[in-house]
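What the coordinates show
Each chain, letter by letter, is given below.
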Amino acid sequence: GFVGMRRKMREAFDELWIIDLEGDNLGARKTENVFAIQTPVAIAIGVLYKKAQPQTPAKVHYAKVTGTREEKYSKLNEVKTFADLEWQDCLGGWFEPFLPCGQGNYCAWPLLTDLFPWQLNGVQWKRTWPIGETREVLEARWRTLVSAPKDQRGALLRETEARTAMREIESLNGKDKLPSINSLPADATPLPALRYAWRSFDRQWILPDNRFCDRPRPDLWAAHSERQIYLTSHLAGVLGIGPASTATANVPDLHYFCGRGGKDVIPLWRDAEASQANLPSGLLVVLNPCLGNVTPEDFFAYCYALLATPAYVETYSEELTVPGPRIPITKDRAVFQQAAQLGRRLIWLHTYGERFVPSGQRSGEVPQGRARNPRTVPGEPKNYPEDFFYNETSEMLRVGKGEFGPVPKAVWDFSVSDFHVVHSWLNYRMKDGAGRSSSPLDEIRPQQWTMGMTDELLQLLWVLEATVAIFPNLKQTLEAVIAGETFRADELPQPTATERKPPSEEEEITTQPGLGV
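Here the structure is a predicted model, which means the values were calculated and not measured.

Now for the overall build of the protein. Within the protein one finds 14 helices and 18 strands. Its C-alpha atoms give the protein a radius of gyration of 25 Å, near enough to 24 Å, the size a compact globule of 517 residues would have. Expressed along its principal axes, the backbone C-alpha trace of the protein runs to roughly 85 × 55 × 50 Å. Burial status across the protein gives 53% buried among its 517 residues.

What follows is the structure in structure tokens.
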């Protein structure tokens, strides 16, 4: 933001010196502030010698002071001259952020949102009870709802302006009309439960019933199929440490990526038939002479390989304080193919074996890791787990009276932009659950730990273990990409206004040339 202000400062001064004191307590990278406020602080010094060439932007220098509030004060008190700080040169364009240049030509690379022009929000229910850890708990909530007296169903539903117990609603596919909740008999059957992308790596279940969902995102459901893949990220805020993106094969929640929401879901395909790729027209025509016969799936996997490594956020930590990841597209065919291959494996893992299934593997299976379940979690209701504990020395994870291990510390600590994946998965499955309560129906919880829960926890641990093992290769690949020649944004076609619209708003749907479809 504030691009106009940055231009004015570059016009008014010959040199700018920016001292970044950090202090963001609202985003994913929380640091201690020098003042009792939530937003970060910087000292800006503008120097005017004699602006002989007003058309030349001021040269900008950058330094960062880190630590606790007291440490920052102490460091600042020691500064007597400019030479007492370590300065880095900043990007030189009129509108560029006041940040160091970093590795590679980051600001010349295309934005992720220009490479995949259609982005949308995940599903927002405005109530939590239609989402559950098991199908059985959702069926129990449904039975309680439809068997309740009609004058109590509105409170159980948690009525909003958009959804009431008296209102008829179209189904998610838009083809049927669903009767009002109050008109349902006590023996009415629910729609079959579906898998749902609740949080990164956490697949829960939903009742896919539009009567319960305020913002179902019809375009998202219309484009969903067994070929669809969703890339999720934090596109409007500052990314924290960890992968800059996660992928899922299931329709994602608004807060799927890291517990915070936004316009953060990027589908690979614009339609359920997977005939229209979510790419600018002509993009692959530009890339193919250099990189070979690139398919939409190849390009999607390539981008995911770069974003899914923590090295991406570590390398471009400063640049990413300006929201919106940028993608370095290599001009080296071998490097591109290596990244795409790694991205395909990651997507296979992160979709729990449902997408990009390697030859010889069955769909829905993930490779076994080291973790086992040497001590079973008891299945009796009285022994349902209320807490969990991780022993770093023995690499053992205790869940109630059960044990899982070995669990490497890197798996236990695995986080996505300050969202701790294993902790969150377990918190939602403890006796009291996690998150807010929206209705008395939320009090209907799983009554016993099942073998299905054990299998799902093992799969989560195996997927994260395999992911961590790939990180060194991903880092090397990212380094190879940024060390070589890359495409600039101005070398690639820009998306049209129509390509940025949802498919339902397209004026005319045509097969796009050069997309391999």
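Here the narrative resumes, following the displayed structure.
A few words on the pairing of strand β1 (residues 15-20). Judged by how many residues are buried, β1 sits mostly within the fold: six of six residues are covered. Every second residue of β1 is oriented toward a common face, with E15, W17 and I19 on one face and L16, I18 and D20 on the other, all of them buried. Relative to strand β3 (residues 59-64), β1 is paired through six bridges, and the arrangement is parallel. Bridge pairing in β3 links E15 to K59. For β1 and strand β2 (residues 42-47), the ladder comprises six bridges, and the chain directions are antiparallel. Within β2, the residue paired with L16 across the bridge is G46.

This next bit is on the side chain of S439. Mapping S439 onto the fold places it in the loop between α12 (421-429) and α13 (451-483). Here the side chain of S439 touches L441 through a polar contact of 3.0 Å, landing on its backbone nitrogen. If we skip the residues at most four places from it in the chain, S439 touches W129, A155, L156 and R158.

Let us now look at the sheet that holds strand β12 (residues 265-267). With antiparallel pairing, the three strands of this open sheet are ordered in space as β11-β10-β12. Edge strands, defined here as strands with exactly one partner in the open sheet, are β11 (246-248) and β12. Each strand of the sheet is rotated relative to its neighbour by a mean of 25°, with strand direction disregarded. Note that strand β10 (residues 230-232) and β11 share three bridges and pair antiparallel. Of the residues in β11, the one forming a bridge with L231 is A247. Set on the sheet, helix α8 (residues 296-307) makes contact with β10, β11 and β12; between it and β10 the angle comes to about 25°.

Let's shift gears to the confidence of the model for the protein. Per-residue confidence for the protein averages 93 on the pLDDT scale, and 96% of its residues sit at or above 70. This model gives residues 507-517 a pLDDT under 50, and the stretch forms 25 contacts once residues within four places in sequence are excluded.

Moving on to a nonpolar patch on the surface. A surface patch of nonpolar side chains, about 280 Å² in accessible area, is lined by F35, I37 and Y73. Inspection of the secondary structure puts I37 in the loop between β1 and β2.

All right, on to the nonpolar core then. In terms of nonpolar packing, the biggest core is built from 93 residues, with F299, V399 and L426 touching the most fellow members. For this core, the leading source of residues is α13, giving 15 residues. Sequence-distant contacts of F299, defined by excluding residues within four places in its chain, comprise L115, F116, L279, L283, L284, L287, V294, I329 and F336. If you look at the next biggest cluster of nonpolar residues, it comprises 34 residues, including I131, L172, Y196 and F212.

One pass over the full model with this rule turns up 19 aromatic pairs. Ring plane angle 55° and centroid distance 4.6 Å describe the contact between W129 and F212, whose orientation is recorded as tilted. Of this pair, W129 sits in the loop between α3 (112-115) and β5 (131-132) while F212 sits in the loop between β9 (202-206) and α6 (218-222); the two residues are 83 residues apart in sequence, bridging distant segments of the chain. For the pair formed by W129 and F212, the shared burial category is buried. Taken together, Y106, W109, Y312 and Y316 form an aromatic cluster joined through their ring pairs. The ring of W198 is capped by R199, whose NZ or CZ atom sits 3.8 Å from the centre of that ring. The residue whose ring lies beneath R203 is Y352, and the NZ or CZ to ring-centre distance is 4.0 Å.

Conventions we followed
- All residue numbers here refer to positions counted from 1 along the written sequence of the relevant chain.
- With pLDDT at 70 or above as the cut-off, local features in this predicted model cover only qualifying residues; side-chain atom pairs require 80 or more to be listed or tallied, and sums for whole chains, interfaces and linings still use all residues.
- Excluded from the side-chain calculation are hydrogens and water; included are all heavy atoms of the structure.
- Numbering of helices and strands starts at the N terminus; helices are DSSP runs of H or I of at least 4 residues and strands are runs of E of at least 2.
- The atom set for the radius of gyration is the C-alpha atoms, and the globule formula is 2.2 Å times the number of residues raised to the power 0.38.
- Summary of the burial criterion: residues with accessible area below 20% of their type's maximum are buried, those above 50% are exposed, and those between are partly exposed, where the area comes from a 1.4 Å probe applied to protein chains only.
- We call two strands paired when DSSP finds no fewer than two bridges between them.
- Any pair of nitrogen or oxygen atoms within 3.5 Å is treated as a polar contact; in protein, a donor-acceptor pairing is required on top of that, and neighbouring residues in sequence qualify only through side-chain atoms on both sides.
- Only heavy atoms matter for contacts: two residues are in contact if any of them lie within 4.5 Å across the pair.
- Lines are fitted to the C-alpha atoms to define the axes, a helix being fitted only along its stretch in contact, and any angle between axes, read from their N-to-C directions, falls within 0 to 180 degrees.
- The score called pLDDT rates the predictor's confidence residue by residue, from a low of 0 to a high of 100.
- For patches, a residue must show more than 30% relative accessible area and have no salt bridge; joins then use 9 Å for like charges and 5 Å for nonpolar side chains, namely Val, Leu, Ile, Met, Phe, Trp and Tyr.
- Using the Shrake-Rupley algorithm and a 1.4 Å probe, accessible areas are obtained, with residue cover drawn only from the displayed protein chains.
- Salt bridges are identified by distance alone: a Lys or Arg side-chain nitrogen within 4 Å of an Asp or Glu carboxyl oxygen.
- Nine residue types can take part in a nonpolar core, namely buried Ala, Val, Leu, Ile, Met, Phe, Trp, Tyr and Cys, and a core is a set of them joined through side-chain atoms within 4.5 Å.
- Here a Phe, Tyr or Trp ring, Trp counted by its six-membered ring, pairs with any other such ring whose centre lies within 6.5 Å, and the pair is stacked when the planes are under 30 degrees apart, edge-to-face when over 60, and tilted otherwise.
- Note on criteria: charge over ring means Lys NZ or Arg CZ within 6 Å of the ring centre, with the direction from the centre no more than 35 degrees off the ring normal.

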